[in-house]
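Below, each chain spelled out in residue letters.
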Amino acid sequence: MGATTKNTTDIAELSPERIVQLGLGFCASKTLLSAVELDLFTELAASPLETEALRQRLGLHQRGARDFFDALVALGVLERRDGIYFNTHETALYLDRNKPSYVGKMLQLANTLLYPTWGSLTRALQTGKPQNGIKDSEDLFDTAYSDPASMAQYAEAMTSASLPIARALGQRFRWVDYGTFVDIGTAEGAVPVEIGHAHSHLTGGGFDLPSVRSVFEAYVQRHKLEDRLRFYPGDFLSQPLPSADVLVMGHILHNWNLQVKRDLLAKAYTALPKGGALITYDQMIDDERRENAAGLLMSLNMLMRTQGGFDYTAADCIAWMREAGFTELSRERLGGSYSMVVGIK
Ligand SMILES: C[S@@+](CC[C@H](N)C(=O)[O-])C[C@H]1O[C@@H](n2cnc3c(N)ncnc32)[C@H](O)[C@@H]1O
């Protein structure tokens, strides 16, 4: 069969639809991110609305409003019945700002910071350099924490990303065997608060840069856990880690290059008592590096936002933790694209 004939047969049998949809995936993504930015789902949680009322409530121009709302219907994040727009069960639960389950803070960060940065992916791939404006001498947190409002926005976004993992962590580890724990790089403290709520015998808290204290303490007080959870101020790049029976490192290792990853694991080993445990979690890439797209894309995100950060497989993490001295190493899926690795000193 000649090349032209074969090509014609392929075209008849194989649709380009999937490739084209993947290439245009940013259109759907930005439509959702703009809806979150406009707080559309919170407005509809207060009262379902017809097109014109919803348009006016959000301050939109007439030209695109109806297509925008109906695109959200077609994308499965809104419902329309008799001309009235409603949240779906999912968006009512997760995108109404007034619910504790709101995940919009992370999507707002995606809208304002990640979406523009991802426009420079090709440049990041060509240069190996971050594309978020950080200088060679800076790390992500020097710019993310340039003022208290940006720091609070970042910390709130981490809470919204980490709550489901924190709940899984509360259930998947034998906390009854331990009395104290510290979450290393804790942000607002979503992880210690969830674990503290699930296990009333535990005390401990969260370690982070001193500037994070105010948001941590406010969050812990809102959850009425200040008698059992406290803030540990410090810089894990230049100082030792606090001691506790269990240390947790979630979304930490992937921010840093291999040497810093190894140094942090060594510091955790030193800080733990004999028999103590280190729990690490991230969107760990599958060992074959072909299935966990979210983990691989997160690693590209680290390429664009940090000096040397990258995501890794559970096998990588186990090898680094073994080098640091940990034994009884085990891995477990935490739900979604997340896995944890646990090691014992
Ligand atoms: C990506 S966030 C992870 C937050 C939280 N562990 C979670 O999973 O939601 C990284 C955290 O590391 C903290 N961090 C960054 N550099 C640090 C340093 N040098 N010392 C202590 N904490 C640091 C940041 O302030 C931030 O709270």
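Throughout this description, residue numbers start from 1 for each chain and increase along the sequence as written. The predicted nature of this model means local features are confined to residues of pLDDT at least 70 and side-chain atom pairs, given and counted, to a pLDDT of 80 or more, with totals for whole chains, interfaces and linings taken over all residues. Neither water nor hydrogens contribute to the side-chain values; these are computed over all heavy atoms in the structure.

Regarding the overall build of the protein
We count it as follows: Each helix is a run of H or I in the DSSP string that is no shorter than four residues. Each strand is a run of E no shorter than two, and both are numbered from the N terminus. Every radius of gyration here is taken over C-alpha atoms, with the globule rule written as 2.2 Å times N^0.38, N being the number of residues. Burial here depends on accessible area, computed with a 1.4 Å probe over protein chains only, as a share of the maximum for the residue type. Under 20% is buried, over 50% is exposed, and the range in between is partly exposed.
Counting its regular elements, the protein contains 16 helices and 10 strands. Against the 2.2 N^0.38 benchmark of 20 Å for 345 residues, the protein shows a C-alpha radius of gyration of 23 Å, consistent with a compact globule. Seen through its C-alpha atoms, the protein measures out along the principal axes to roughly 65 × 60 × 40 Å. Burial analysis of the protein (345 residues in total) assigns 47% to the buried set.

Here's the deal with the packing of helix H11 (residues 148-172) against helix H12 (residues 190-198)
What counts is decided by this rule: Axis definition: a line fit to C-alpha positions, over the contact stretch in the case of helices; interaxial angles, taken between N-to-C directions, run 0 to 180 degrees. Should the near helix be turned anticlockwise from the far one by less than a right angle, the crossing is left-handed, and should it be turned clockwise, the crossing is right-handed. Here, residues are in contact when the closest pair of their heavy atoms is within 4.5 Å.
At a minimum axis distance of 8 Å, the contact between H11 and H12 shows a crossing angle of 35°. Judged by the twist between their axes, the crossing of H11 over H12 is right-handed. Between H11 and H12, the residues in contact are Thr-159, Leu-163, Ala-166, Arg-167, Leu-169 and Gly-170 and Ala-190, Val-191, Glu-194 and Ile-195, respectively.

Quick notes on the site of the ligand
To keep it simple, the criterion reads: Nearness is judged by heavy atoms alone; a residue qualifies as near a molecule or strand once a single heavy atom is within 4 Å of it. Contacts described as polar in this section are N or O atom pairs within 3.5 Å, which, within protein, must combine one atom able to donate a hydrogen with one able to accept it, while residues neighboring in sequence count only if both atoms come from side chains. Methods summary: accessible areas were calculated by the Shrake-Rupley approach with a probe of 1.4 Å, and residue burial reflects only the protein chains presented. Each residue gets one label: Ala, Val, Leu, Ile, Met, Phe, Trp, Tyr, Cys and Pro are nonpolar, Asp, Glu, Lys and Arg are charged, and the others, such as Gly, are polar.
Near the ligand lie 21 residues; those nearest to it are Tyr-145, Ser-162, Gly-185, Asp-208 and Tyr-281. Contact between the ligand and Ser-162: an oxygen atom at 2.5 Å from a side-chain N or O atom of the residue. Contact with the protein chains removes 98% of the 590 Å² of surface that the ligand exposes when unbound. Among the elements that make up the shell around the ligand, the one with the highest residue count is H11 (3 residues). Broken down by class, the residue content of the shell around the ligand amounts to 13 nonpolar, 6 polar and 2 charged.

A short note on the pattern of salt bridges
Just so we agree on the cut-off: The salt bridge definition used is simple: a Lys or Arg side-chain nitrogen within 4 Å of an Asp or Glu carboxyl oxygen.
Enumeration according to the criterion identifies 16 salt bridges in this entry. A salt bridge links Glu-43 to Arg-57, with the shortest nitrogen-to-oxygen separation between them at 3.2 Å. Of this pair, Glu-43 sits in helix H4 (residues 40-46) while Arg-57 is found in helix H5 (residues 51-58), placing the two residues 14 residues apart along the sequence. Note on Arg-57: relative accessible area 44%, which makes it partly exposed. Across the pair Glu-52 and Arg-55 runs a salt bridge whose closest N-O atoms are separated by 2.7 Å. Note that Glu-52 and Arg-55 are positioned in helix H5 at a spacing of 3 residues, about one turn of the helix.

Details of the packing of aromatic side chains
As a reminder of what qualifies: Planes of paired rings set the category: under 30 degrees apart is stacked, over 60 is edge-to-face and the rest tilted, where pairs are Phe, Tyr or Trp rings (Trp by its six-membered ring) whose centres lie within 6.5 Å. Ring-over charges, as used throughout, are those where CZ of Arg or NZ of Lys falls within 6 Å of the ring centre and within 35 degrees of the ring normal.
Under the defined criterion, the tally for this structure stands at 15 aromatic pairs. For the pair Phe-68 and Phe-69, a centre-to-centre distance of 5.9 Å together with 45° between the ring planes defines the contact as tilted. Overall, the relative accessible area of 15% leaves Phe-68 in the buried class. Here Phe-216 and Phe-231 contribute two aromatic rings whose centre-to-centre distance is 5.3 Å and whose plane-to-plane angle is 50°, an arrangement assigned as tilted. Placement of the pair is Phe-216 in helix H13 (residues 213-222) and Phe-231 in strand E6 (residues 229-233), with a sequence separation of 15 residues. By relative accessible area, which is 3% here, Phe-231 ends up buried. One aromatic cluster is present, built from ring pairs that chain together Phe-141, Tyr-145, Tyr-154, Phe-236 and Trp-256. We note Lys-261 situated over the ring of Phe-310; from NZ or CZ to the ring centre the distance is 3.5 Å. Cation over ring: Lys-345 sits above Tyr-269, and NZ or CZ is 4.8 Å from the ring centre.

Comments concerning the domain arrangement of the protein
The following threshold applies: For the domains described, the bounds stem from an automatic or database domain assignment. The quantity reported as buried area is the accessible area (1.4 Å probe) lost by two parts once they are put together, taken as the sum for both.
Domain annotation of the protein identifies domain 1 (2-94) and domain 2 (104-344). Listed by partner, the interface residues are 7 residues for domain 1 and 6 residues for domain 2. Looking only at domain 1, the three residues that lose the most surface to domain 2 are Lys-30, Leu-33 and Val-36, adding up to 69% of its buried area. Classifying every residue of the side of domain 1 that touches domain 2 by side-chain character gives 5 nonpolar, no polar and 2 charged.

As for the sheet that holds strand E10 (residues 338-344)
Put simply, the rule is: In short, DSSP must find at least two bridges between two strands for them to pair.
Ordered in space as E6-E5-E4-E7-E8-E10-E9, the 7 strands form an open sheet in which the pairing is mixed. Looking along the sheet, the strands with just one partner apiece sit at the ends: E6 and strand E9 (327-335). Within this sheet the neighbouring strands show an average axis-to-axis angle of 20°, counted without direction. Relative to strand E7 (residues 246-250), strand E4 (residues 180-184) is paired through 3 bridges, and the arrangement is parallel.

Comments concerning helix H14 (residues 258-271)
In an α-helix, one turn spans 3.6 residues, which is why side chains three or four residues apart end up on the same side. We count it as follows: In this scheme, a helix's expected span is set at 1.5 Å multiplied by one less than its residue total. Note that the arc is computed from the directions linking the helix axis to the C-beta atoms.
With 14 residues, H14 ought to run about 20 Å at 1.5 Å a step, and its terminal C-alpha atoms sit 20 Å apart, in line with that. Residues Val-260, Lys-261, Leu-264, Leu-265, Ala-268 and Ala-271 constitute the buried set of H14. For H14, the angular spread of buried residues about the axis comes to 135°, placing them on one side. On the buried face of H14, the contacting elements are E7, strand E8 (277-282) and helix H16 (314-324). For H14, the side-chain oxygen to backbone nitrogen distance between the N-cap and Gln-259 is 3.1 Å, and the N-cap itself is Asn-257.

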